[in-house]
Structures are given as C-alpha cells and as structure tokens.
Amino acid sequence: VHYHWRCIEIDAENSRRVLERHNYISPADSDEQVKVKLAKKFGCSTEDMCNTCPFERGFVSNHKARFYLQWLDCEEQAKKEYYAGKGNKFNMDLNDFLKESYERSDV
C-alpha cells in the first residue's frame, strides 16, 4: 500500500528538486529566474501566469513544473486548490484499518 499526504510546502520543495534534476532550473536560481525558465517551457508570459497560462505544453514532469509555477505565482490560490483535495475520496475503512494497525504495532 502506498499512502501519503503531504503539506503543500513539502510538495513544492520536492517539485523544485525534480525540476533541478531535469536541469530545467538551477539550485542557484531565484524564484523570478525559475518563473522565467519554466514559463518559457510552457510558452507563457510570467505576468499573472495562474490566470493567463493554459499550461498545455507537454514535457517530462510538466505537472511538477505547473504546480511549482502556481506555487510561486499565486500561492494562496495554489493552497486553496491543493487542500480542497480536487474531489479525492478517502477510504475510511482503509484509514481505520491503518490506524488500528499502527496502534497495535506501536509505531
């Protein structure tokens, strides 16, 4: 079973690392430099990206790039969407089972 829930800050940091490993951005890049480089990959302007960029160009880890750009450009909107769960359903039976298992194993 693969099960996790992370805060948006951790997902943003993990996304940045992925983008660095793909050499889309450098660890030394400022947030503005990152926005310019990643916006260019999508063919978008850096102005109001969350409302003007369709993020339609496909490339390896484009979903990470989109998420990270949204994190940099419109943090509050990104948080709202992230924590809304986008319609995710939780299996409460599985949640209860895992909780009981953890309690029994003293983890």
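Every value quoted in this text rests on a predicted model; they were computed, and no experiment measured them. (Residues numbered from 1 in each chain as written. Predicted model: local features only at pLDDT ≥ 70, side-chain atom pairs only at ≥ 80, totals over all residues. Heavy atoms only, no water.)

Student: Explain the confidence of the model for the protein here, please?
Tutor: As a general rule, the predicted coordinates of low-pLDDT regions are not to be interpreted in detail. For the protein, the average pLDDT comes to 87, and 86% of its residues sit at 70 or higher. The least confident element of the protein is helix α6 (residues 92-105), whose mean pLDDT is 76; the most confident is helix α2 (residues 31-42), at 97. (pLDDT = per-residue confidence, 0-100. Helix = DSSP H or I, 4+ residues; strand = E, 2+ residues; numbered from the N terminus.)

Student: Can you walk me through the pattern of salt bridges in this structure?
Tutor: Between side chains of opposite charge, pairing is possible as soon as their charged atoms come close. By the definition in use, this model includes 8 salt bridges. Residue Arg6 pairs with Asp11 through a salt bridge whose shortest N-O separation is 3.7 Å. Residue classification places Arg6 among the partly exposed residues on the basis of a relative accessible area of 35%. Assessed through its relative accessible area of 18%, Asp11 is described here as buried. In this structure, Lys79 engages Glu75 in a salt bridge whose closest nitrogen and oxygen atoms are separated by 3.3 Å. Residue Lys79 and its partner Glu75 are both found in helix α5 (residues 75-84); the two are separated by 4 residues, about one turn of the helix. What makes Lys79 partly exposed here is its relative accessible area of 23%. Members of the salt-bridge network, linked through shared partners, are Arg16, Glu20 and Asp31. (Salt bridge = Lys/Arg side-chain N within 4 Å of Asp/Glu carboxyl O. Buried < 20%, exposed > 50% of the residue type's maximum accessible area, 1.4 Å probe, protein only.)

Student: How should the packing of helix α4 (residues 62-73) against α5 be read in this particular structure?
Tutor: Any two packed helices are characterised by the angle at which their axes cross and by the distance between the axes. Running from amino to carboxyl end, α4 crosses α5 at an angle of 130 degrees, the nearest separation of the two axes being 5 Å. The pairing of α4 with α5 is recorded here as oblique in orientation. Within the contact between the two elements, α4 uses Phe67, Gln70, Trp71 and Asp73 and α5 uses Glu75, Ala78, Lys79 and Tyr82. Taken together, the residues of the contact of α4 with α5 break down into 4 nonpolar, 1 polar and 3 charged. (Axes fitted to C-alpha atoms, helices over the stretch in contact; angles between N-to-C directions. Parallel < 35°, antiparallel > 145°, perpendicular 65-115°, else oblique. Contact = heavy atoms within 4.5 Å. Nonpolar A, V, L, I, M, F, W, Y, C, P; charged D, E, K, R; others polar.)

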